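# Survey of secondary and tertiary structure
Residues per chain are reported as follows:
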Amino acid sequence: MEKNLTSGSVFRNIMYFSLPYLLSYFLQTLYGMADLFIIGQFHGVEHITAVSIGSQVMHMLTVMIVGLAMGSTVTIGKAIGAKRSEHASLAIGNTITLFMGVSAAFTALLLVLVKPIVSVMSTPKEAAAATAAYLTICFIGIPFITAYNIISSIFRGLGDSKSPMYFIAAACAANIVLDYLFIGVFQLGALGAALGTTLSQTISVIFSIIVILRQKNGVRLKRQHFRPQAESMGQILKIGIPVALQDGFIQISFIVITVIANRRGLNDAAAVGIVEKIIGVVFLVPSTMLSTVSALSAQNIGAGKHDRASKTLWYAILLTVGYGLIVSVGVQWAATPIVGIFTGDAAVILLGTQYLKGYIWDCIFAGIHFSFSGYFCAYGRSGISFLHNVLSIVCVRIPGAFLASKYFADTLFPMGLAAPGGSLLSVLICVAAFLWMKRQGMEFCATES
């Protein structure tokens, strides 16, 4: 259902939009968490490693799809804010056309590249076969993963963050049931985890289509809206491609760090895989604020209310920094029992505790640059987000992790610190870019985008 976010309390609108979005992110994160938790109850370290590596590859693909869909959310949001329903309908139709083509191409290409991907990830030989099986099934399900994410991006562009929450809730419940069935009852290991994930995504898409058919959202789609239109599709891609590339590079950095950990041995690989899942949960608030700022700011920019867009940014930063401080300090005492939820292996728990204690400080800095990134995307300046993320990865995150692994062979704590180091650089670049935009004038930036 369409929701106007250009009036009323800015803080209230942030909470109205972000809370359902936060729950959606939490439920989506439970996918991987459930897979890893359930696989750990019924199988050994090699299957834990297979699921952690395979799900990391899938997460990279998913966030790139979500990043590309950010162009749709912002384009639709601006049209809704400016009360241009025909432009919104055209953006929605072109989004569907674009992403169906992208998903088909991704599926065909990745199925051919399963074995090379397993090799590039430096997957321990004990987990190679299980990782390949996991990825094959998940790659087959890419069209359904894509369909869910574009449907969600359309609803969020319309100002509705609740409907996607219901879609993912149905998928999450199905995933947990199917995981216990395939992993526990049928003992299919990593293959069972992949089957559960793929089938649950299918259920989510079916459920979302049923809701769409019954819901009146104020937008009417006609056949001509699905025909590729240069201006509409160009706007979606102009915003979405830099975000997708940025998210892809971020995930590649995670994969490089995973490869570094994999070369240290099976226990290090399992520890890093578990912590990445934990970080996925912890980063729900920063990730939510990125999307919240982009969606709310887009509508306000479309309505010409640039002051409300700026207020949205600063409220988001205040919320994420406060959250990051609380979580980072708390994890210093709770790291060991948190890691212990996923495995009983003492060596993996020790290594995971070390890595988590260093990594968790990134929650503070990431919250700041995530909020800025959402703001830049709303103004069509997603290239700024791409720039600061690439620089942080190339200059700090990857070299920092490599050097820490080389010179601190007995602990993962210094490797964990590479993440907040990279985010700190991103924050400095974001502040400089924001000050430049202020000098240029927000109206100019919005017009040029």
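Each chain carries its own residue numbering, running from 1 in the direction its sequence is written. Totals for whole chains, interfaces and linings use every residue, but because this is a predicted model, local features are given only for residues with pLDDT of at least 70 and side-chain atom pairs only at 80 or more, for both listing and counting. The side-chain numbers reported here are obtained from all heavy atoms of the structure, hydrogens and water having been left aside.

## Description of the overall build of the protein chain
When you go through the protein chain residue by residue, the secondary structure sums to 17 helices and zero strands. For the protein chain, the spread of C-alpha atoms along the principal axes amounts to about 60 × 45 × 35 Å. Relative accessibility decides the category of a residue: with a 1.4 Å probe and only protein chains considered, values under 20% of the type maximum give buried, values over 50% give exposed, and everything between is partly exposed. The 449 residues of the protein chain split such that 60% are buried. The contacts in the protein chain between residues at least 6 apart in sequence include a share of 84% that link residues at least 24 apart. Only the protein chains shown count as cover for residues, with accessible areas throughout obtained via the Shrake-Rupley method and a probe of 1.4 Å. About 17,300 Å² of surface is accessible on the protein chain, with carbon and sulfur atoms providing 70% of the total. Computed over 28 positive and 17 negative side-chain charges, the separation of the two mean positions in the protein chain equals 10 Å. Helical segments are the DSSP runs of H or I of at least four residues, strand segments are the runs of E of at least two, and each set is numbered from the N terminus. Whether two residues are in contact is decided by their heavy atoms, any of which lying within 4.5 Å being enough. When charges are counted, Lys and Arg are positive and Asp and Glu negative, with His and the chain ends excluded. For charged residues, the charge sits on one atom: NZ in Lys, CZ in Arg, CG in Asp, CD in Glu.

## Structural notes on the environment of Phe376
With respect to the helices, strands and loops of the structure, Phe376 is situated in helix H14 (residues 362-378). Residue classification places Phe376 among the buried positions, given a relative accessible area of 0%. Spatially, the C-alpha atom of Phe376 lies 7.7 Å from that of Ser294, the residues being 82 residues apart in sequence. With near-sequence residues (within four places) excluded, Phe376 lies in contact with Arg381, Ser382, Ile384, Ser385, Cys430, Ala433, Phe434 and Met437.

## A short note on the nonpolar core
A general trend in soluble globular proteins is that nonpolar side chains are found buried together. We define the nonpolar core as a collection of buried residues of types Ala, Val, Leu, Ile, Met, Phe, Trp, Tyr and Cys that are connected through side-chain atoms lying within 4.5 Å of one another. In this structure, Met58, Tyr134, Leu135, Phe139, Leu356 and Tyr375 are the most contacted members of the largest nonpolar core, which totals 104 residues. Tallying contributions element by element places helix H2 (residues 45-81) first for this core, with 11 residues. Core analysis: the next-biggest nonpolar cluster, separate from the first, contains 10 residues, Tyr148, Ile151, Ile168 and Cys172 among them.

## Quick notes on the packing of helix H15 (residues 382-407) against helix H16 (residues 413-440)
Axes here mean lines fitted to C-alpha atoms, for a helix over just the part in contact, with angles spanning 0 to 180 degrees between N-to-C directions. It is at 8 Å that the axes of H15 and H16 come closest, and there the two elements cross at 160°. The angle between H15 and H16 falls in the class roughly antiparallel. The chirality of how H15 crosses H16 is right-handed. Its residues placed into classes, the contact of H15 with H16 shows 15 nonpolar, nine polar and one charged. Should an angle lie under 35 degrees it is considered roughly parallel, over 145 roughly antiparallel, and from 65 to 115 roughly perpendicular; all remaining angles are considered oblique. Crossing chirality is assigned from the near helix's rotation relative to the far helix, an anticlockwise turn below a right angle marking it left-handed and a clockwise turn marking it right-handed. Residue polarity follows a fixed list, in which Ala, Val, Leu, Ile, Met, Phe, Trp, Tyr, Cys and Pro are nonpolar, Asp, Glu, Lys and Arg are charged, and the others, Gly among them, are polar.

## Structural notes on helix H6 (residues 142-157)
For a helix, the expected span equals 1.5 Å multiplied by the number of residues minus one. If you check H6, its first and last C-alpha atoms are 22 Å apart, about what 16 residues at 1.5 Å a residue would give, namely 22 Å. Within H6, 14 of the 16 residues are buried, which leaves it mostly tucked inside the rest of the structure.

## Thoughts on the side chain of Asp179
As for its position among the elements, Asp179 is in helix H7 (residues 162-185). Taking the relative accessible area as the measure of exposure, Asp179 reaches 0% and is therefore buried.

## What about unusual backbone geometry?
Positive phi, close to 55°, is recorded for Gln187, a residue that is not glycine. Considering the arrangement of structural elements, one finds Gln187 in the loop between H7 and helix H8 (189-214). Relative accessible area serves as the criterion here: at 42%, Gln187 is assigned to the partly exposed category.

## Focus: empty space enclosed by the protein
For each structure, a 1 Å grid was placed over the protein atoms alone; sets of points admitting a 1.4 Å probe that cannot get out are labelled cavities, open sets with protein on both sides within 12 Å along at least five of seven lines are labelled pockets, and lining residues have an atom within 4 Å of a point. Grid points are joined across faces, edges and corners, and a volume is the space filled by probe spheres set on the points. One pass over the structure, following the stated rule, counts two cavities of 30 Å³ or more. Approximately 160 Å³ is the volume attributed to the second largest cavity. Tyr21, Val66, Ser153, Arg156 and Ser291 are, among the 15 residues lining the second largest cavity, the residues nearest its centre. For the lining of the second largest cavity, the secondary-structure elements that each account for two or more residues are helix H1 (10-42), H2, H6 and helix H11 (284-302). A per-element tally of the lining of the second largest cavity places H1 first, with five residues. Of the residues assigned to the lining of the second largest cavity, the class counts are eight nonpolar, six polar and one charged.

## Re the pattern of salt bridges
Any two side chains of opposite charge can pair if their charged atoms end up close together. What makes a salt bridge here is a side-chain nitrogen of Lys or Arg within 4 Å of a carboxyl oxygen of Asp or Glu, nothing more. Counting across every chain of the model gives one salt bridge. For Asp362, the salt bridge goes to Arg397, with nearest N and O atoms at 3.7 Å. One end of the pair, Asp362, is in helix H14; the other, Arg397, is in helix H15, with 35 residues separating them in the sequence. Its relative accessible area of 2% is what places Asp362 among the buried residues. Residue class for Arg397 comes out buried when judged on its relative accessible area of 6%.

## Considering the confidence of the model for the protein chain
Residue-level confidence of the predictor, termed pLDDT, takes values from 0 up to 100. Residue-level pLDDT values for the protein chain average 83, and 94% of them are 70 or greater. Within the protein chain, the lowest mean pLDDT, 52, falls on helix H17 (residues 442-448), and the highest, 92, falls on helix H12 (residues 306-340).

## Details of the packing of aromatic side chains
Between 30 and 60 degrees the pair is tilted, below 30 it is stacked and above 60 it is edge-to-face, where a pair is any two Phe, Tyr or Trp rings, Trp via its six-membered ring, whose centres lie within 6.5 Å. The tally for this structure, following the rule as stated, stands at 13 aromatic pairs. Here Phe167 and Phe207 contribute two aromatic rings whose centre-to-centre distance is 5.9 Å and whose plane-to-plane angle is 80°, an arrangement assigned as edge-to-face. Residue Phe167 is located in helix H7, and its partner Phe207 is located in helix H8; the two are separated by 40 residues in the primary sequence. Taking the relative accessible area as the measure of exposure, Phe167 reaches 1% and is therefore buried. Owing to a relative accessible area of 32%, Phe207 belongs among the partly exposed residues under this scheme. Both rings, one in Phe372 and one in Phe376, keep their centres 5.9 Å apart while their planes meet at 25°; by these two values the pair is stacked. Linking Phe372 with Phe376, this pair stays in helix H14, spanning four residues, or about one helical turn. For the pair shown, Phe372 and Phe376 are each scored as buried. A network of ring pairs unites the aromatic residues Trp314, Phe372, Tyr375, Phe376, Tyr379 and Phe434 as a single cluster.

## Examining the side chain of Asp268
Examined against the element boundaries, Asp268 turns out to sit in helix H10 (residues 266-282). Discounting residues that sit within four places of it in the chain, Asp268 has contacts with Ala261, Leu351 and Leu412.

## Focus: the packing of H12 against helix H13 (residues 346-359)
H13 packs onto H12 with a crossing angle of 145° between their chain directions and a minimal axis gap of 8 Å. The way H12 lies across H13 gives a crossing that is right-handed. Of the residues in H13, those in contact with Val331, Gln332, Ala335, Thr336, Ile338, Val339 and Gly340 of H12 are Val348, Ile349, Gly352, Thr353, Leu356 and Lys357.

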